[in-house]
Amino acid sequence: MNYTVKTFIAIGGERFSQLYEADAPGFPLFYPTAFIARAIRSSTTHETQKVYLAAIKRVCEWESRRHIDLAHRFHCRKFLSAAEVDDLTSHLRASKLTSKTGVISSAKYNTYVAYAAGYIRWLTHEVIADTNTHDVREAVQAQNTMLLRKTRRKVGSKSAREQRIVGLSLPNETRNNLLDLFSQPLKGVRHPQNLGQRLRNIVMLRVLYETGMRLGELLSLKLKHLIEASGTDSAYLDIELNHHDELDTRLHQPVTKTQGRRVPISGSLEEQLIIYRDHWRAGVPSVGFSEENFMFVVHRGGRSQGQALPKTAFGAGLANLKQLFDALKPVHPHLLRHDWNYRFSKHADRERMHFEEERTLREQLMGWVPGSPMSARYNRRHIEEKSHEIGRKVASDTARILQ
């Protein structure tokens, strides 16, 4: 049996998803829906709820293929055997996008195991009336332990992985190509109908490059969020928390993960944003002009023309740019965020900024709470780079003594 996850927008703007039998229209599956509504929804974002449902969907597929009804089994106090746990976790790990022998990443698999175990544990308590008896409690715990022990140990130390991630930055060729496109955004455009989309895509990349904001924050920018330069104040972009925005019609709403904040932009980017807003965006049919309308919109004709740009459309635009400009192939939104932090550290060095000031400013501009572990990771990498530089100087001193 096949299953599908469907997403809806409730009155008030809240997004929610439910699991259905793909070939049986009607009501969503009872237990997965009850689990999300009662145990998960109040404490997690919609994106996390979708990951839970993706894991539960695989559990339901496994039940169907093995002709097992977990709810009935647990009601009869029959729990999963070690062999069944092995079989279930193998199904959780199998990739659906590659060959039969393909598997998903260890990180994704570990998440699926943890979420599936949480659902199965909840289900046992849901269908067994007296789970507090010693025998049942021990059996439920043993089953849960067997599942969680199937997670895969990550190769390498956590510290090394973190340092490798935060140490990412743009290759020089890619950076030069990006800067060239920022100054000539319409370079190579052959068809006039593509000019507006090209300018929009380049301006969006430039916002990510200059501010280090997340993709969800970029796609959530509204007309009111561009604060133009005034007097001695430079231009800014306001980033607001926007979960369950009633005015956002996108089914999969981009959201702000970090704190709201105000981030400065260059005068050149401000000028490009104004040109895009007042000329190219304004010419799109069905586009809105109130301060609550979104800055970046769909240009191509169709039902969504003039509406807020979805994440998939931004991805398609970036993919097209990569086809035209080979040097841009390494670019993705989060790499630009890493690169921003790399450049921020370099600026802090040139300004001889104190460690505490560097950390505080980084947290403010990235939207992290004070004392954020992410800020500490970037600062730690910066300190290691400086220590290596001093270490090389010490080594050079030793070489001179030997000579």
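Above this text sits the structure in question.
Predicted model, so just to flag it, every value in this text is computed and none were measured.

Here is what the cut-offs are and how they apply
- Residues numbered from 1 in each chain as written.
- Predicted model: local features only at pLDDT ≥ 70, side-chain atom pairs only at ≥ 80, totals over all residues.
- Heavy atoms only, no water.
- Helix = DSSP H or I, 4+ residues; strand = E, 2+ residues; numbered from the N terminus.
- Buried < 20%, exposed > 50% of the residue type's maximum accessible area, 1.4 Å probe, protein only.
- Pairing = 2+ DSSP bridges.
- Axes fitted to C-alpha atoms, helices over the stretch in contact; angles between N-to-C directions.
- Parallel < 35°, antiparallel > 145°, perpendicular 65-115°, else oblique.
- Left-handed = near helix turned anticlockwise from the far one by under 90°.
- Contact = heavy atoms within 4.5 Å.
- Nonpolar A, V, L, I, M, F, W, Y, C, P; charged D, E, K, R; others polar.
- Phe/Tyr/Trp six-rings, centres within 6.5 Å; stacked < 30°, edge-to-face > 60°.
- Lys NZ or Arg CZ within 6 Å of the ring centre and 35° of its normal.

### Focus: unusual backbone geometry
Trans is the common state for peptide bonds, and a negative phi is the common state for residues other than glycine. For Arg-77, which is not a glycine, the phi torsion comes out positive at approximately 60°. Tracing the sequence through the fold places Arg-77 in the loop between α3 (70-75) and α4 (82-93). Note on Arg-77: relative accessible area 43%, which makes it partly exposed. The backbone of Ser-286 sits at a positive phi, close to 70°, despite the residue not being glycine. Inspection of the secondary structure assignment puts Ser-286 in the loop between α11 (267-281) and α12 (311-324).

### Regarding the sheet that holds strand β5 (residues 261-264)
Within the open sheet, the three strands sit side by side as β3-β4-β5. Their pairing is antiparallel. Pairing within the sheet leaves two strands with one partner each, and these edge strands are β3 (226-227) and β5.

### A short note on the packing of helix α13 (residues 333-350) against helix α14 (residues 355-366)
α14 packs onto α13 with a crossing angle of 150° between their chain directions and a minimal axis gap of 11 Å. One way to sum up the angle between α13 and α14 is to call them roughly antiparallel. Taken as a pair, α13 and α14 cross one another with a handedness that is right-handed. When α13 is examined against α14, the residues Arg-337, Trp-340, Asn-341, Phe-344, Ser-345 and Ala-348 are found in contact with a partner set consisting of Glu-358, Leu-361, Arg-362, Leu-365 and Met-366. Residues of the contact of α13 with α14, tallied by class, amount to six nonpolar, two polar and three charged.

### Structural notes on the packing of aromatic side chains
By the definition in use, this model includes 13 aromatic pairs. Members of the aromatic cluster, joined through ring pairs, are Phe-35, Tyr-52, Tyr-115, Tyr-119 and Trp-122. For Lys-6, the ring lying beneath its charged end belongs to Tyr-20, and the centroid distance is 4.7 Å. Seen from the ring of Phe-294, Arg-250 lies directly overhead, with NZ or CZ sitting 4.7 Å from the centre.

### Quick notes on the packing of helix α9 (residues 195-211) against α13
For the pair α9 and α13, interaxial distance at closest approach is 7 Å and the crossing angle is 35°. Taking contact as the criterion, the partners of Leu-205, Leu-208, Tyr-209, Glu-210 and Thr-211 in α9 are, on α13, Pro-333, Leu-336, Asp-339, Trp-340 and Arg-343. Its residues assigned to classes, the contact of α9 with α13 shows six nonpolar, one polar and three charged.

### Overview of the pairing of strand β2 (residues 15-21)
Within β2, five of the seven residues are buried, which leaves the element mostly enclosed by the surrounding structure. Direction of pairing for strand β1 (residues 3-9) relative to β2: antiparallel, over a ladder of seven bridges. Paired with Val-5 across the two strands is Leu-19, which belongs to β2. What sits between the antiparallel neighbours β1 and β2 is a turn of five residues, in which Gly-12 has the positive phi angle 105°.

### Focus: the environment of Ala-235
Tracing the sequence through the fold places Ala-235 in the loop between β3 and β4 (236-239). Under the relative-accessibility criterion, Ala-235 is labelled buried at 2%. Distance from Ala-235 to Arg-175, taken between C-alpha atoms, is 23 Å for residues 60 residues apart in sequence. Non-local contacts of Ala-235, meaning those with residues more than four positions away in its chain, are made with Ile-227, Glu-228, Ala-229, Val-263, Pro-264, Ile-265 and Glu-270.

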